[in-house]
Amino acid sequence: MNINRRIQTLDEFTIQQMRDFPNATGELSGLLRDLGLAAKRVNVEVNKAGLVDILGDDGSINIQGEEVKKMDVYANNQFMGVLQHGISCAGIGSEELDDIVVFDDLVSNKSKYVCLFDPLDGSSNIDVNVSIGTIFSIFKRVSELGKPATKEDFLQQGNKQVAAGYVIYGSSTMFVYATRRGVNGFTLDPSIGEFCLSHPDIKCPDMGKIYSVNHGNFFQYGEAVKKYIIACQKKDNTSGGPYTQRYIGSMVADVHRNLIKGGIFMYPSTVDKHKGKLRLLYECNPFAFIVEKAGGLATNGKIRILDIQPTELHERTPLFIGSKIMMDELDAYINTELKENK
Ligand code: P6P
């Protein structure tokens, strides 16, 4: 029977990728499939969040000092659970957990990879039905296989990631991930309960017309950032502006939109948050890896996000990420300020 194989599922795609590398052990494909399974389970609860008692706070405060939403806890447990009971991950780091969790069992200690994730980013938007997401980052271990994973496995530079991705729980639910071979997006087909390849080989347009930043912090930003934001609003700016401002306070939704349409997303340092708000390991590194693989750029205002050497699990960094030409425009303002301040 000739089956029309127009649509590839995530599982089929990861297995196909593995076939292209005969020496592949299948562990990375298995890890991605595990993440896809957890994403489907979280999606079910996110989609009915308004109907069941899973909204609101669970009463605890996480290491970030933020109220933990019940959905945060549920999502964290789903992602940690599938990875802990899988065969492809030696341990995890999570925005919701104070420290890494090393799985330390015979099977997991032989696993080649560790995973960091923000299980449900943008959770403050859960109660008002705004798109939220999961963000993940995968590293090959540097510690000895057969023994428990160590902190060094997690504190690697972002340029060492083997894969990174996100799930966006929005008007549709998408699983987008990047490896060194490129970026591919899969949309959940509820009729078969599978993520299906819908956005093959995603490229970030070199130029866009969208700038995303929290204008409420405008007077807390540095001079170069303020000048660039003003330039984005000016008619006939260098790129035929003004640009359109889009910012919904959910990183996954904001960066996903700009990745597909072109644009720049900024979370600069502020007077109150001199290292910015976003976390390096499980928010900025994965998105920097994805956007760079799609042809865009990502910096902290000085160097590539992927070149930052982490020292702490929950450290934060300023983030500028998006279309190459827009990032170069911003860079010109930053370099001018540096010259003026010399
Ligand atoms: P602000 C959500 O809490 C989050 O971590 C990101 O998803 C989002 O981009 C950012 O914070 C929004 O922060 O300070 O602009 O509300």
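Residues numbered from 1 in each chain as written. Predicted model: local features only at pLDDT ≥ 70, side-chain atom pairs only at ≥ 80, totals over all residues. Heavy atoms only, no water.

## A few points about the domain arrangement of the protein
- Each assigned domain of the protein is listed with its residue range as follows: domain 1 (10-199) and domain 2 (210-340).
- Between the C-alpha centres of domain 1 and domain 2 the distance comes to 24 Å.
- Counting residues at the interface gives 45 residues for domain 1 and 31 residues for domain 2.
- Across the domain 1 to domain 2 interface the summed buried area is about 2,800 Å²; carbon plus sulfur atoms make up 63%.
- Three residues stand out in domain 1 for area buried against domain 2, namely Ile135, Leu155 and Tyr166, and they jointly supply 21% of the buried area on that side. (Domains from an automatic or database assignment. Contact = heavy atoms within 4.5 Å. Buried area = accessible area lost by both parts, 1.4 Å probe.)

## Overview of empty space enclosed by the protein
- Under the counting rule described, the total for this entry stands at 1 cavity of 30 Å³ or more.
- For the largest cavity, the calculated volume is near 30 Å³.
- Around the largest cavity, the lining residues are Cys204, Val255, Asn258, Leu259, Val291, Ile321 and Gly322.
- Contributions of two or more residues to the lining of the largest cavity are made by helix H7 (251-261) and strand E15 (319-322).
- Examining the composition of the lining of the largest cavity, we find that 3 residues originate from one element, H7, more than from any other.
- In terms of residue class, the lining of the largest cavity is built from 5 nonpolar, 2 polar and no charged. (1 Å grid on protein atoms, 1.4 Å probe; cavity = no way out; pocket = protein on both sides within 12 Å on 5 of 7 lines; lining within 4 Å. Points joined across faces, edges and corners; volume = space filled by probe spheres on them. Helix = DSSP H or I, 4+ residues; strand = E, 2+ residues; numbered from the N terminus. Nonpolar A, V, L, I, M, F, W, Y, C, P; charged D, E, K, R; others polar.)

## Here's the deal with the packing of H7 against helix H8 (residues 280-293)
- Here H7 crosses H8 at 15°, and the two axes come no closer than 12 Å. Between H7 and H8, the crossing angle belongs to the class labelled roughly parallel. For the element pair H7 and H8, the recorded crossing hand is right-handed. Between H7, through Met251, Val252, Val255 and Leu259, and H8, the contact on the second element is made entirely by Glu283, Phe287, Ile290 and Val291.
- In terms of residue class, the contact of H7 with H8 is built from 7 nonpolar, no polar and 1 charged. (Axes fitted to C-alpha atoms, helices over the stretch in contact; angles between N-to-C directions. Parallel < 35°, antiparallel > 145°, perpendicular 65-115°, else oblique. Left-handed = near helix turned anticlockwise from the far one by under 90°.)

## Quick look at the sheet that holds strand E13 (residues 264-267)
- Reading across from one edge, E12-E11-E13-E15-E14 is the order of the 5 strands in this open sheet, with mixed pairing throughout. Each of the sheet's edge strands pairs with one partner strand only, and the pair in question is strand E12 (244-245) and strand E14 (297-299).
- Pairing of strand E11 (residues 210-212) with E12, which is carried by 2 bridges, proceeds in the parallel orientation. Considered in E12, the bridge of Ile210 is made with Thr244. (Pairing = 2+ DSSP bridges.)

## Topic: a nonpolar patch on the surface
- Together, Ile87, Leu106 and Val107 line one region of the surface with nonpolar side chains, adding up to about 340 Å² of accessible area.
- Looking at where Ile87 falls in the secondary structure, it is placed in the loop between helix H3 (70-84) and strand E3 (89-94). (Patch = residues over 30% accessible without salt bridge, like charges linked within 9 Å, V, L, I, M, F, W, Y side chains within 5 Å. Areas by Shrake-Rupley, 256 points an atom, 1.4 Å probe, with all protein chains shown as cover. Salt bridge = Lys/Arg side-chain N within 4 Å of Asp/Glu carboxyl O.)

## Topic: the site of the ligand
- Lining the immediate surroundings of the ligand are 13 residues, of which Asp121, Asn214, Tyr247, Met251 and Tyr267 lie closest.
- Take Tyr247: an N or O atom from its side chain is 2.5 Å from an oxygen atom of the ligand.
- At 2.9 Å from an oxygen atom of the ligand is found a side-chain nitrogen or oxygen belonging to Lys277.
- Protein chains bury 83% of the 400 Å² of accessible surface belonging to the ligand in isolation.
- For the shell around the ligand, a count of residues per class yields 5 nonpolar, 4 polar and 4 charged. (Near = heavy atom within 4 Å. Polar contact = N/O pair within 3.5 Å; in protein donor to acceptor, adjacent residues only side chain to side chain.)

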